[in-house]
Amino acid sequence: MTALFNLFYLYDPWLFHVVRMSWIVGLVAFLFLAYRYVKKQQAQGIVLPLDSLAVLFGLIVFSLIPLLINGTRDFSVITMYVKLLILFVFGVGIYNAFYARPNGQFAVVKDLQIGVILQFVLGLLALLGVSWIVDFLLSTNALLPDRFYGSEQEYRLYNVTSAAFFQLSLFYLMLFHFLLAYNEKQNTLPSVLIFFMLCIGLISGRTFLTISVISILVYFKVRYLPALISFALLVLLLAYFLPENPYVAHALEPVINLLHGEGFVSSSTDTLMKNHLFMPTLKQFIQGDGMYMTGELVVGRYYGHTDSGFLRQILYGGVSYALVCFVVTFYFVRKVALNWFDGSWKFTLSTLAILSLCNVKADTFAFPGIMFVMLMFLSLFGTHGKQLILFKQQEPKDV
């Protein structure tokens, strides 16, 4: 049961494009807590992470400054962070309802593994052409422009999640990195899980294919070799024998180019370098333009028509705003390291390095996607930070 709550909260799928499941399970978790409290079964009370809540409130307040300075009315950033705060509160409810116990870390890692296996099985069946599986998976995604359905990129939607493309790839990158770090400490995860993660990561996008190498190098174990070799052989065989398959051609474009002597490059990297990276003006570096979205769906809805996370943040609020987004990200990454890995700087710095690389391509730092929600949720599993315990009850006495 907890695995379903975990899946619905972290992957946040749509229910037939009608309602987001993270909101449903979050509300159900609070109803469950209320029931346990009435029945006097919530003896440990409800733990509130005051420091984390303060950080998110501070981020919302700071995000108002570029609007005031520039006199603009683009409230898209504020709206995003209010939603992020609500999702974090739901995560606090789910943590207190199901994981606030001595073996909570073990329980959530087990549920994360179940989620990986489920996504692998469903993704594989969809790729094999099981039509009802394809229809079901597409119904859990956010509605996208028609050009993506039936295209060479449709395979990237074969996950039970509302996220797609870069943000989904980023989520799997961080999940992969976290599980490898956990396994370095506990050494309890089966190696086949590495193979499953690499496969579903590949489905999510080429960002995972390239940057996951960092995680493998940082947390390498000899016992991973069979899984790594199996995945490498699978990739090479697909790239060599099925390069004309539209899904293979898109997913393995860098590998196919490498096999044909064209270097490990992709069209998305070329597009990023040519169309999305530019030098902001001095005024934009200092205070930004107070704009994040344009509302122009035809030419691109992001201000400046750039995908780069660094540029989007600078264009909105200048270097100071981009720095605040980094600090907020550092705070949650560091809290995960403290609560899970005894404050490991290897985890902290390697995670920030991966996120920094990704922020060049698209929004990463403090962006309210499913990756950042996962980081915030994982930061709850421990005692580091300022906590307030509400509604603590006396243990029932045996008669």
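Residues numbered from 1 in each chain as written. Predicted model: local features only at pLDDT ≥ 70, side-chain atom pairs only at ≥ 80, totals over all residues. Heavy atoms only, no water.

Enquirer: Break down a nonpolar patch on the surface for me, with residues and values.
Expert: Judged by side-chain polarity, Phe-220, Val-222, Leu-225, Ile-229, Leu-233, Leu-236, Leu-237, Tyr-240, Phe-241, Leu-242 and Leu-259 come together as a nonpolar surface patch covering roughly 1,100 Å² of accessible area. At 7 residues, helix H10 (residues 225-241) tops the list of elements feeding residues into the nonpolar patch. Structurally, Leu-225 is set in helix H10. Classification of Leu-225 by relative accessible area gives partly exposed; the value is 35%. (Patch = residues over 30% accessible without salt bridge, like charges linked within 9 Å, V, L, I, M, F, W, Y side chains within 5 Å. Areas by Shrake-Rupley, 256 points an atom, 1.4 Å probe, with all protein chains shown as cover. Salt bridge = Lys/Arg side-chain N within 4 Å of Asp/Glu carboxyl O. Helix = DSSP H or I, 4+ residues; strand = E, 2+ residues; numbered from the N terminus. Buried < 20%, exposed > 50% of the residue type's maximum accessible area, 1.4 Å probe, protein only.)

Enquirer: Could you give me a rundown of the packing of aromatic side chains, with the residues and numbers involved?
Expert: Under the criterion given, the structure shown has 32 aromatic pairs. Considering the side-chain rings of Phe-310 and Phe-365, the 5.7 Å spacing of their centres and the 85° angle between planes classify their relative orientation as edge-to-face. With Phe-310 in helix H15 (residues 309-340) and Phe-365 in the loop between helix H16 (345-361) and helix H17 (370-378), this residue pair connects regions lying 55 residues apart in the sequence. For Phe-310, a relative accessible area of 30% gives the class partly exposed. Residue Phe-365 is classed as buried on the basis of its relative accessible area of 3%. (Phe/Tyr/Trp six-rings, centres within 6.5 Å; stacked < 30°, edge-to-face > 60°.)

Enquirer: Pulling in residues and values, what's your account of unusual backbone geometry?
Expert: In the Ramachandran plot, Asn-187 falls in the positive-phi region, its phi being about 55° despite a non-glycine side chain. At Ala-366, a position not held by glycine, the phi torsion is positive, near 55°. The residue Ala-366 is located in the loop between H16 and H17 in this model.

Enquirer: How would you sum up the environment of Val-324? Please name residues and give values.
Expert: Secondary-structure assignment places Val-324 in helix H15. Taking C-alpha positions, Val-324 is 9.3 Å from Ser-63, a pair spaced 261 residues apart along the chain. Setting aside chain neighbours within four positions, we find Val-324 in contact with Leu-59 and Phe-62. (Contact = heavy atoms within 4.5 Å.)

Function cannot be inferred from these measures alone, as they are strictly geometric.
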